[in-house]
Amino acid sequence: MDLTGIGGVWPASLTPFAPNGTPDGAIDEASLRGHLAQLAGTPGVRALVVNGHAGEATSLDRAERRQVVQIARQVASGRVGVVAGIVAEDTRGACTLARDAAEAGADALLLFPPLLFAQGAAMRPEMVLRFVKAVAEATPLPIVLFQLSMASGLGYSTDLLLQLCREVPSIIAVKEGSDIPATYEANLHALRGLGRPVTVLTTNNGWLMASLAYGGDGILSGIGSVAPGLLAELFAASQRGDVATARRVQERLLPLTRVFYRRPGLDMHNRMKTALHLLGLLPHPDPRPPLLPITPAEREEIRQALLASGLMRAAEAA
């Protein structure tokens, strides 16, 4: 599927595992299929994103990452796109994962910057250019570039972002998570002036409604693994200019963003698994070690957030 120019909702999916104590801790394939099918069947969802941070990609080996893409391809069945996260700490590893994703049936790649870039890649832009170009040359698949928060040290300056898109024509979209409104707006304006379509997918979870109001083309976020319907409603209302409805949806999302995206950040997607478990959509919520299961106290807070959002009814929670 050609995802060029395609906005809407792209949920970053989770990866279910067999429960803690299972000898091999394998991927729970049946649960993964069910999770992806539920996302793909949500009106407004245009692509499934797998093997990202939400999917605990760094805990998956190479064969498991291929397995997840293959399953997503089967579940998508041409109805929605499949985007494979490429999370690697070196260029050779990223290129290998990109080729694997292409062979497994991905429609596009979501390219993460290596953590090494946080140590000063902004002062060595040629390093970033060479990395992205190498991955682009490794496979014909289009690339969604992950723009992380500027505070993380992994965000690209507007000038570098523009240079990357100019010199790497296979970049068709940017997952925009700079998390600074002025930077986000500057990036939007710069990308609009490229002369070719580059989709801007917001992942600024603390201010999704506002980022769409600035002119974002869609949402790519882990919260979409739990609330794809709410994201679709928010996006549709923003597209219509229906501010009142957008505000109502944003109010429903607020308790979820507060409980998912608080410290420690390493548990954010762990919390989302617990939410799906509470909703009856995931049999086993445990993450892969060394991550630990959510505590009973936090589990109750997540349940309360689901109630406040309207995703869970009081009768179901009783």
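Since we're looking at a predicted model, the values are computed, not measured.

Quick notes on the rules
- Residues numbered from 1 in each chain as written.
- Predicted model: local features only at pLDDT ≥ 70, side-chain atom pairs only at ≥ 80, totals over all residues.
- Heavy atoms only, no water.
- Phe/Tyr/Trp six-rings, centres within 6.5 Å; stacked < 30°, edge-to-face > 60°.
- Helix = DSSP H or I, 4+ residues; strand = E, 2+ residues; numbered from the N terminus.
- Buried < 20%, exposed > 50% of the residue type's maximum accessible area, 1.4 Å probe, protein only.
- 1 Å grid on protein atoms, 1.4 Å probe; cavity = no way out; pocket = protein on both sides within 12 Å on 5 of 7 lines; lining within 4 Å.
- Points joined across faces, edges and corners; volume = space filled by probe spheres on them.
- Salt bridge = Lys/Arg side-chain N within 4 Å of Asp/Glu carboxyl O.
- Pairing = 2+ DSSP bridges.
- Axes fitted to C-alpha atoms, helices over the stretch in contact; angles between N-to-C directions.
- Contact = heavy atoms within 4.5 Å.
- Core = buried A, V, L, I, M, F, W, Y, C linked by side-chain atoms within 4.5 Å.
- Expected span 1.5 Å × (residues − 1).
- Bend = angle between axes of the 7 residues up to and from the residue.
- Left-handed = near helix turned anticlockwise from the far one by under 90°.
- Nonpolar A, V, L, I, M, F, W, Y, C, P; charged D, E, K, R; others polar.
- Right-handed = clockwise from strand over helix to strand, strands pointing away.

Glancing now at the packing of aromatic side chains. Summed over the entire model, instances satisfying the criterion amount to five aromatic pairs. For the ring pair Phe112 and Phe146, a centre distance of 4.9 Å and an interplane angle of 75° mean the geometry is edge-to-face. Of the two residues, Phe112 sits in the loop between β4 (108-111) and α4 (125-138) while Phe146 sits in strand β5 (residues 143-147), which places them 34 residues apart along the sequence. Residue Phe112 shares its accessibility class with Phe146, and that shared class is buried. An angle of 75° between the planes, with centres 6.3 Å apart, marks the rings of Trp207 and Tyr214 as edge-to-face. Classification of Trp207 by relative accessible area gives buried; the value is 15%.

With that settled, consider the environment of Pro290. Mapped onto the fold, Pro290 is located in the loop between α10 (268-278) and α11 (296-309). Considered as a pair, Pro290 and Ala236 are 54 residues apart in the sequence and their alpha carbons are 39 Å apart.

This part takes up empty space enclosed by the protein. The gaps of empty space that remain are located by a probe, the size of a water molecule, rolled over the atoms. One pass over the structure, following the stated rule, counts one cavity of 30 Å³ or more. Quantified by volume, the largest cavity comes out at close to 70 Å³. Looking at the largest cavity, the residues that line it are Asn51, Arg65, Arg66, Val69, Ala84, Gly85, Ile86, Leu97, Asp100 and Ala101. For the lining of the largest cavity, the secondary structure elements donating two or more residues are α2 (62-76), β3 (81-86) and α3 (91-104).

This part covers the pattern of salt bridges. Overall, the coordinates contain 15 salt bridges when judged by the stated rule. In this structure, the salt-bridge partner of Arg62 is Asp100, at a minimum N-O distance of 2.5 Å. Pair noted here: Arg62 is in helix α2 and Asp100 is in helix α3, with a separation of 38 residues, a long-range link. Overall, the relative accessible area of 49% leaves Arg62 in the partly exposed class. Residues participating in the shared-partner salt-bridge network are Arg62, Arg66, Asp100 and Glu103.

You can see Ala122 is positioned in the loop between β4 and α4. Sequence spacing of Ala122 and Gly153 is 31 residues, and the spatial spacing of their C-alpha atoms is 8.2 Å.

On the basis of which strands lie adjacent, the open sheet formed by eight strands has the order β1-β8-β7-β6-β5-β4-β3-β2 and parallel pairing. Sheet topology places β1 (8-11) and β2 (47-50) at the edges, where each strand pairs with a single neighbour. The sheet shows a mean angle of 25° between the axes of neighbouring strands, taken without regard to direction. In this structure, β1 lies alongside strand β8 (residues 218-221), joined through four bridges in parallel fashion. Opposite Val9, over in β8, you have Ile219 as the bridge partner. Relative to the sheet, helix α5 (residues 158-167) contacts β5 and β6 (171-176), its axis offset from that of β6 by approximately 155°.

With that settled, consider the nonpolar core. Among the nonpolar cores identified, the biggest contains 111 residues, and Trp10, Val132, Val135, Leu145, Leu164, Leu234 and Phe260 are the most heavily contacted of them. With eight residues, the top contributor of residues to this core is α4. If we skip the residues at most four places from it in the chain, Leu145 touches Leu111, Val132, Tyr156, Leu161, Leu164, Ile171, Ala173, Val174 and Lys175.

Let us now look at helix α9 (residues 243-260). Think of an α-helix as 3.6 residues a turn; residues three or four steps apart then line up on the same face. Look at α9: 25 Å from first C-alpha to last across 18 residues, which is about the 26 Å you get at 1.5 Å a residue. Largest kink in α9: about 35°, centred on Leu253, with the proline Pro255 one to four residues after it. Considered for burial, the residues of α9 that qualify are Thr245, Ala246, Val249, Gln250, Leu253, Pro255, Leu256, Thr257, Val259 and Phe260. Of the surrounding elements, those touching the buried residues of α9 are α7 (208-214), α8 (228-240), α10 and α11.

What follows covers the packing of α2 against α3. At a closest axis distance of 9 Å, the pairing of α2 and α3 adopts a crossing angle of 30°. Considering the relative orientation of α2 and α3, their crossing is right-handed. Along its contact with α2, which presents Arg62, Arg65, Arg66, Val69, Gln70 and Arg73, the element α3 presents Thr96, Leu97, Asp100, Ala101, Glu103 and Ala104. Partitioned by chemical class, the residues of the contact of α2 with α3 number four nonpolar, two polar and six charged.

Alternating residues of strand β7 (residues 199-202) divide into Thr199 and Leu201 and Val200 and Thr202, and every residue in both groups is buried. Between the parallel pair β6 and β7, the chain is carried across by helix α6 (residues 181-192), and the sense of this crossover is right-handed. Pairing of β7 with β8 involves two bridges; the strand directions are parallel. Looking at the pairing, Thr202 lines up with Ile219 of β8. With α7 bridging β7 and the parallel β8, this β-α-β connection has right-handed handedness.

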